[in-house]
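Here's the letter readout for the chains.
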Amino acid sequence: MKIVIIGAGIMGTTFATLAKELAPDLDITILERLDAAGAGNSWAFNNAGTGHEANCELNYTPVDGEVISLEKALKIHAQFNVAKQFWAYLVEKGAVKQPKTFINQTKHCTLVSESSIEELKLRFEEMSVHHFFEHMRYSEDFDEIKSWIPFTMDGRPRHEKMAATVIETGTDVNFGSLTEQMAAHAEHSLGVKIEYGTHVKRAYRSPTGRWIISADTKGDPVEYKADVLFVGAGGGAFPLLKKSHLPFRSRYTGFPVGGRFLQAPISEEQAQLYKAKTYGRAKVGAPPMSVPHLDLRAVEGKHYLLFGPFASFKPLLEKGRGFFDYLGSIRYMISPAY
Ligand SMILES: Cc1cc2nc3c(=O)[nH]c(=O)nc-3n(C[C@H](O)[C@H](O)[C@H](O)COP(=O)(O)OP(=O)(O)OC[C@H]3O[C@@H](n4cnc5c(N)ncnc54)[C@H](O)[C@@H]3O)c2cc1C
């Protein structure tokens, strides 16, 4: 069976690696526009590197009155544990290098001001009885919170009412490094072909059921055929979806907003002092991506503090692409149904 994957980000390389581990005979080709794997959204500084497992993100535990729902939190925690097991397997096999090249232990904290204290307390009471979160601690004590997350508390007045929870065993993940290492392993040890510098322009299903993929390799047109197509193209999936023959394509679009972080290199000593990711509370109705957080990041042996995200206007669907890409992906449509 021939599989074509568009995009060598964390999604495309994970899919290729898993598929090859389960069925070594599969014929898999990854088509990647850039010259390296993991250089898009998965690149270290294009995301916050939080190993999301619901330790500190309030948006996974919606509250309705005095009732809190843990359903999403339990699901995401379990899923992240499966990912960690898969990565441990890759390390054991020698497929990726030392774990610290892509994953590091970091405290996961939630810090809220007075108006959200009751919610955080309820969250703590309900979550800490479950074995997933049994090591969660809660405090309203200024000094104790400051001992967990000093940089976040520096300069705050002591009389300000605040509450926090902490879980010591959260993670900071360098998805870019993990992607690069998985891609190298997939290519050199599992027999996955990766065609870098190959920009897929269009993919559609022929009447025979096979996928036809038209691409451009360094200026030359090239066509691929596949039984299964996996689109792991990040923001680049929208233009491809729009040009596909899929019936639901017109219902989707992207918005030209992104997230940017303030970033500062810090010393090893400062990193040891903070060693945390602290999530706050976003405004009611704001998208989960807008939750403010202060993150310790470990990238290629150096430490950084990231604060954000700040919303950015960026009508580019993918790194290095044209300014009018976003406009080009919009279609005029009259459809009262949607
Ligand atoms: C501000 C922000 C903060 C985030 N923070 C976190 C976080 O803390 N934790 C977390 O887990 N996630 C976080 N994310 C999300 C995370 O970054 C993404 O979910 C993840 O990187 C997506 O991986 P991907 O493989 O789907 O996409 P990408 O990594 O973008 O990979 C897509 C690849 O496809 C290639 N491509 C695109 N179009 C084409 C084409 N037509 N032909 C050939 N190749 C193509 C691209 O060049 C790219 O290499 C954050 C995202 C943002 C924006």
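Just so we're clear, the structure is a prediction, and the values are computed from it rather than from any experiment.

Turning our eyes to something else, we now look at the overall build of the protein. From N to C terminus, the protein includes nine helices and 16 strands. Rg of the C-alpha trace for the protein: 22 Å, near the compact-globule value of 20 Å for 338 residues, within the 12% margin. Along the longest, intermediate and shortest principal axes, the C-alpha atoms of the protein span 70 × 55 × 35 Å. A buried classification covers 49% of the 338 residues belonging to the protein. Put simply, of all contacts in the protein between residues at least 6 apart along the chain, 67% involve residues at least 24 apart.

This brings us to the sheet that holds strand β7 (residues 162-173). Backbone-to-backbone hydrogen bonds pair the strands of a sheet. The strands run either parallel or antiparallel. The mixed open sheet is built from seven strands, whose spatial order is β6-β7-β5-β14-β15-β16-β13. The sheet is open, and its two edges are formed by β6 (137-139) and β13 (257-266), each paired on a single side. Strand-to-strand twist in this sheet, taken as the mean axis angle between neighbours without regard to direction, amounts to 30°. As defined by bridge partners, β6 adjoins β7 across three bridges and the pair is classed as antiparallel. Across the sheet, the residue bridging to S139 is A164, located in β7. The sheet strands contacting helix α3 (residues 117-127) are β5 (103-113), β6 and β7, and the helix crosses β7 at an angle near 55°.

This next bit is on the packing of aromatic side chains. Enumeration according to the criterion identifies 10 aromatic pairs in this entry. Both rings, one in F151 and one in Y274, keep their centres 5.3 Å apart while their planes meet at 10°; by these two values the pair is stacked. Highlighted residues: F151 in helix α5 (residues 150-153) and Y274 in helix α8 (residues 268-274), separated in sequence by 123 residues. Judged by relative accessible area, which is 23%, F151 ranks as partly exposed. Considering the side-chain rings of F307 and F310, the 5.8 Å spacing of their centres and the 75° angle between planes classify their relative orientation as edge-to-face. By relative accessible area, which is 36% here, F307 ends up partly exposed. The class for F310 is partly exposed, based on a relative accessible area of 40%. One aromatic cluster is present, built from ring pairs that chain together F80, W87, F102 and F175.

This brings us to the site of the ligand. Among the 30 residues in the neighbourhood of the ligand, the closest are listed as E32, N41, S42, T50 and V200. Contacts to the ligand include N41, whose backbone N or O atom sits 2.9 Å from an oxygen atom. Between the ligand and H52 there is a distance of 3.3 Å, counted from a nitrogen atom to a side-chain nitrogen or oxygen. The fraction of the free accessible surface of the ligand (1,000 Å²) that becomes covered by protein chains is 84%. For the shell around the ligand, the secondary-structure elements that each account for two or more residues are α1 (10-22), β9 (198-205) and β13. In terms of residues, the shell around the ligand owes the most to one element, β9, which gives three residues. In terms of residue class, the shell around the ligand is built from 11 nonpolar, 16 polar and three charged. Two domains each donate at least three residues to the shell around the ligand, and these are domain 1 (2-43 + 176-254 + 323-328) and domain 2 (51-172 + 257-313).

Domain boundaries in the protein define domain 1 (2-43 + 176-254 + 323-328) and domain 2 (51-172 + 257-313). Between domain 1 and domain 2, the C-alpha centre-to-centre distance is 32 Å. The interface of domain 1 with domain 2 comprises nine residues on the first partner and 10 residues on the second. Inspection of the domain 1/domain 2 interface yields one salt bridge. Notably, a salt bridge pairs K93 with E21, separated by 2.7 Å at the nearest N-O pair. At the level of secondary structure, the elements contributing two or more residues to the side of domain 1 that touches domain 2 comprise α1 and α6 (175-188). Top element by residues in the side of domain 1 that touches domain 2 is α6. It accounts for five residues. Here the side of domain 1 that touches domain 2 is built from residues that sort into three nonpolar, five polar and one charged.

Taken together, three strands build an open sheet; the order of strands is β9-β10-β11 and the sheet is antiparallel. The open sheet terminates on both sides in strands that have one partner only, identified here as β9 and β11 (220-226). Averaged over all pairs of adjacent strands, the angle between their axes in this sheet comes to 20°, without regard to strand direction.

Let us look at the pattern of salt bridges. The tally for this structure, following the rule as stated, stands at 14 salt bridges. With its nearest N and O atoms 3.0 Å apart, the salt bridge here joins D27 to K193. One end of the pair, D27, is in strand β2 (residues 27-31); the other, K193, is in strand β8 (residues 193-195), and 166 residues separate them in sequence. Under the relative-accessibility criterion, K193 is labelled partly exposed at 38%. In this structure, the salt-bridge partner of R210 is D227, at a minimum N-O distance of 3.2 Å. Residue R210 is located in the loop between β9 and β10 (211-217), and its partner D227 is located in the loop between β11 and β12 (228-231); the two are separated by 17 residues in the primary sequence. For D227, a relative accessible area of 32% corresponds to the partly exposed category. Taken together, the shared-partner salt bridges in this structure form one network comprising K2, D27 and K193.

How each quantity is defined
Residues numbered from 1 in each chain as written. Predicted model: local features only at pLDDT ≥ 70, side-chain atom pairs only at ≥ 80, totals over all residues. Heavy atoms only, no water. Helix = DSSP H or I, 4+ residues; strand = E, 2+ residues; numbered from the N terminus. Rg over C-alpha atoms; globule rule 2.2 N^0.38 Å. Buried < 20%, exposed > 50% of the residue type's maximum accessible area, 1.4 Å probe, protein only. Contact = heavy atoms within 4.5 Å. Pairing = 2+ DSSP bridges. Axes fitted to C-alpha atoms, helices over the stretch in contact; angles between N-to-C directions. Phe/Tyr/Trp six-rings, centres within 6.5 Å; stacked < 30°, edge-to-face > 60°. Near = heavy atom within 4 Å. Polar contact = N/O pair within 3.5 Å; in protein donor to acceptor, adjacent residues only side chain to side chain. Areas by Shrake-Rupley, 256 points an atom, 1.4 Å probe, with all protein chains shown as cover. Nonpolar A, V, L, I, M, F, W, Y, C, P; charged D, E, K, R; others polar. Domains from an automatic or database assignment. Salt bridge = Lys/Arg side-chain N within 4 Å of Asp/Glu carboxyl O.

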